[in-house]
Amino acid sequence: MNRAPGTRPSGRPITGSRPSMRPGASQRPSSRPGFDRSIVLEGEIERLKIARAEDADVTAAMLVRLAETERLRVAAQKRCSDLEAELGQMRQRAAAAEARLEGTRMTMTSAVTMLEELERREEMAGSIRTRTLSQARATLKGQGQTAPPPPESPFDAAWELPPSGDSDPDRRR
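Residues numbered from 1 in each chain as written. Predicted model: local features only at pLDDT ≥ 70, side-chain atom pairs only at ≥ 80, totals over all residues. Heavy atoms only, no water.

J.: In this structure, what is going on with the overall build of the chain? I would like to understand it.
T.: Summing up its helical and strand segments, the chain has 1 helix and 0 strands in all. Per-residue burial for the chain yields a buried fraction of 2% across its 173 residues. Contacts spanning at least 24 positions in sequence make up 19% of the contacts within the chain whose residues lie at least 6 apart. If you sum the accessible surface of the chain, you get close to 16000 Å²; carbon and sulfur atoms cover 59% of it. (Helix = DSSP H or I, 4+ residues; strand = E, 2+ residues; numbered from the N terminus. Buried < 20%, exposed > 50% of the residue type's maximum accessible area, 1.4 Å probe, protein only. Contact = heavy atoms within 4.5 Å. Areas by Shrake-Rupley, 256 points an atom, 1.4 Å probe, with all protein chains shown as cover.)

J.: When you look at helix α1 (residues 35-141) in this model, what are you seeing that I'm missing?
T.: Residue pairs three or four apart in sequence face the same way in an α-helix, which turns once every 3.6 residues. Its 107 residues place the ends of α1 153 Å apart at the C-alpha level, agreeing with the 159 Å of an ideal helix rising 1.5 Å per residue. Just past α1, the residue glycine 142 takes up positive phi, approximately 75°. (Expected span 1.5 Å × (residues − 1).)

J.: Can you walk me through a negative patch on the surface in this structure?
T.: Residues Glu116, Glu119, Glu122 and Glu123 make up a contiguous surface patch of negative charge. Its location among the elements puts glutamate 119 in helix α1. (Patch = residues over 30% accessible without salt bridge, like charges linked within 9 Å, V, L, I, M, F, W, Y side chains within 5 Å. Salt bridge = Lys/Arg side-chain N within 4 Å of Asp/Glu carboxyl O. Lys, Arg positive; Asp, Glu negative; His and termini not counted. Charge placed at Lys NZ, Arg CZ, Asp CG, Glu CD.)

J.: Mind showing me how you'd approach the pattern of salt bridges here?
T.: A side chain with one charge may pair with a side chain of the opposite charge, provided their charged atoms come close. Under the criterion given, the structure shown has 7 salt bridges. One salt bridge in this structure joins glutamate 68 and arginine 71, with 2.5 Å as the shortest N-O distance. Of this pair, glutamate 68 and arginine 71 are both found in helix α1, 3 residues apart, which corresponds to roughly one turn of the helix. What makes glutamate 68 partly exposed here is its relative accessible area of 36%. Two residues, lysine 78 and aspartate 82, come together in a salt bridge whose shortest N-O distance is 3.1 Å. Placement of the pair is lysine 78 and aspartate 82 together in helix α1, with a separation of 4 residues, close to one helical turn.

J.: Looking at this structure, how should I read the environment of glutamate 117?
T.: When you line up the elements, glutamate 117 lands in helix α1. For glutamate 117, the side chain forms a polar contact with the side chain of arginine 121, separated by 2.9 Å. (Polar contact = N/O pair within 3.5 Å; in protein donor to acceptor, adjacent residues only side chain to side chain.)

Structure representation (structure tokens):
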């Protein structure tokens, strides 16, 4: 019998090592004590504890990132709602400014119309003033009668109408 020194004889026939039914398990002779197995199991337990701690660290880091992301999302939503409120105020202010601008445009148009009317009246007054001065000069010099000069504008033509109503064709007799 070929036995290793320090081993006991087994009651089983020696047929060599048996393959394990579990995949990845080391093939040991069944006659060895469970001491090596407990060391292997303790090493495996320690490796699993380290892996579990690493997984916990990774999970904790992910939870921190999730919390930070949620905080940023809430802050972004608040900023967005603040900006939307500010946009609403700006739109109201723009509408009010447009209304004021339209009022200013109407006022400017009215002012331009009044200025044009004032210029026209100033021209008419200047024309009348010139004609009056020329008539006064002619009268003072004794040159001719006080007959007015021909009208320069349709507004001055009223003095040419005869005093009777004969010239009005629409008037009933």
